[in-house]
Amino acid sequence: MLAVHFDKPGGPENLYLKEVAKPRPGEGEVLLKVAASALNRADLIQRQGQYDPPPGASSILGLEASGHIAELGPACQGHWKIGDPAMVLLPGGGQAQYVTAPEEFLMPIPAGLTLFQAAAIPEAWLTAFQLLHLLGNVQAGDSVLIHAGSSGVGTAAIQLARMAGAIPLVTAGSQHKLQMAEKLGAAAGFNYKEEDFSEATLKFTKVQATAGGGFHKTNPAPLLHGEPPTSTAGVGQSLPRDCNPGGPCIHGKQQERGQNRPGTATMKKAFPGQTGENLWYPGKRSGLLQATL
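Since we're looking at a predicted model, the values are computed, not measured.

S.K.: I would appreciate a short explanation of the sheet that holds strand 3 (residues 29-37) in the present structure.
M.R.: Here we have 5 strands laid out as an open sheet, ordered 6-3-4-5-7, and antiparallel in their pairing. Of all strands in the sheet, those with a lone pairing partner are strand 6 (98-102) and strand 7 (106-107), marking the two edges. Note that strand 3 and strand 4 (residues 64-72) share 7 bridges and pair antiparallel. Its bridge partner being in strand 4, Ser37 is matched across the sheet by Ala65. The strands touched by helix 3 (residues 121-135) within the sheet are strand 4, strand 5 (85-89) and strand 7, with strand 5 carrying the most contacts at an inclination of about 70 degrees.

What follows is the structure, encoded as structure tokens:
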């Protein structure tokens, strides 16, 4: 089969297609005929010689892919059949015509997504979903502080936070990146190279509280351009009774954190290499969920 290969670390000009041995699925593994593979930052730094694949993983680039199942290894007990479309999270090997993976790493492709779109879901989008919902238990009205807002996981988290009815706030290192985040739906953005993002975040959330906690009651544009926020709320609006301005407010009640949240061991099993205690932590002073991406 053909696979993307490089002989020495460097730029993209070092990449070329090379004939390599086609992998064979081991026990409990599936062979996927690859239709598409997404590009992630780990691929770039591996190409530059600054990142080693996990022990036992393929040295071929590619942490996620989509395609059709070509072969089932011995002892596969899932529902997969030869010819089924699937997307998969990988420790490597996705940028090739075929790749093997444990059957539990494969996922059905949601209706309406093409194979090319599905190839970009497992790494960034599922990491963002995991942080927001499985670890963070994000609810409508929560403020979510997303570091590296223009990164792959960051851009996904902005959009998923909006879909959940939360208020995405981002940090980034340039005005261009903040503008990109704004286009994706960020309510406010802070250049961490030019200001104390923690103070700016607290200032923004206080304005939100004064405006009644509603995302659409505060004009986010000034903050995204380095100016004080402005409120479009009417006079006399305030937080619902029993809602603490220092914490997330859901229908006038304080949301309790940490309920029914899977443990780290469970997350590591479901998303290998994607979970760590440093990825999410509650900002207790501000009531924010902070995702370090």
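Next comes the rest of the account.
S.K.: I would appreciate a short explanation of the packing of aromatic side chains in the present structure.
M.R.: The description of two aromatic rings rests on the distance between their centres and on the angle between their planes. What the rule picks out here adds up to 0 aromatic pairs. Taking NZ or CZ as reference, Lys22 lies 4.2 Å from the ring centre of Tyr98, over its face.

S.K.: Just to check I follow, could you spell out helix 4 (residues 152-163) for this structure?
M.R.: An α-helical turn contains 3.6 residues, so a residue and the one three or four places further along point in the same direction. With 12 residues, helix 4 extends 17 Å from end C-alpha to end C-alpha; this agrees with the ideal 16 Å at 1.5 Å per step. For helix 4, every residue scored as buried is listed here: Val153, Gly154, Thr155, Ala156, Ala157, Ile158, Leu160 and Ala161. Gly165 sits one or two positions beyond helix 4 and adopts a positive phi of about 80 degrees.

S.K.: Explain the nonpolar core to me, please; I cannot follow it from the model alone.
M.R.: A general trend in soluble globular proteins is that nonpolar side chains are found buried together. In terms of nonpolar packing, the biggest core is built from 20 residues, with Ala128, Leu132, Val144, Ile146 and Val170 touching the most fellow members. Of all elements in the fold, only helix 3, strand 8 (143-146), helix 4, strand 9 (167-172) and helix 5 (175-184) reach the threshold of two or more residues within this core. With 6 residues, the single largest contributor to this core is helix 4. Within the second largest apolar cluster, 13 residues are counted, among which are Ala65, Trp80, Val88 and Ala101.

Parameters at a glance
Residues numbered from 1 in each chain as written. Predicted model: local features only at pLDDT ≥ 70, side-chain atom pairs only at ≥ 80, totals over all residues. Heavy atoms only, no water. Pairing = 2+ DSSP bridges. Helix = DSSP H or I, 4+ residues; strand = E, 2+ residues; numbered from the N terminus. Contact = heavy atoms within 4.5 Å. Axes fitted to C-alpha atoms, helices over the stretch in contact; angles between N-to-C directions. Phe/Tyr/Trp six-rings, centres within 6.5 Å; stacked < 30°, edge-to-face > 60°. Lys NZ or Arg CZ within 6 Å of the ring centre and 35° of its normal. Expected span 1.5 Å × (residues − 1). Buried < 20%, exposed > 50% of the residue type's maximum accessible area, 1.4 Å probe, protein only. Core = buried A, V, L, I, M, F, W, Y, C linked by side-chain atoms within 4.5 Å.

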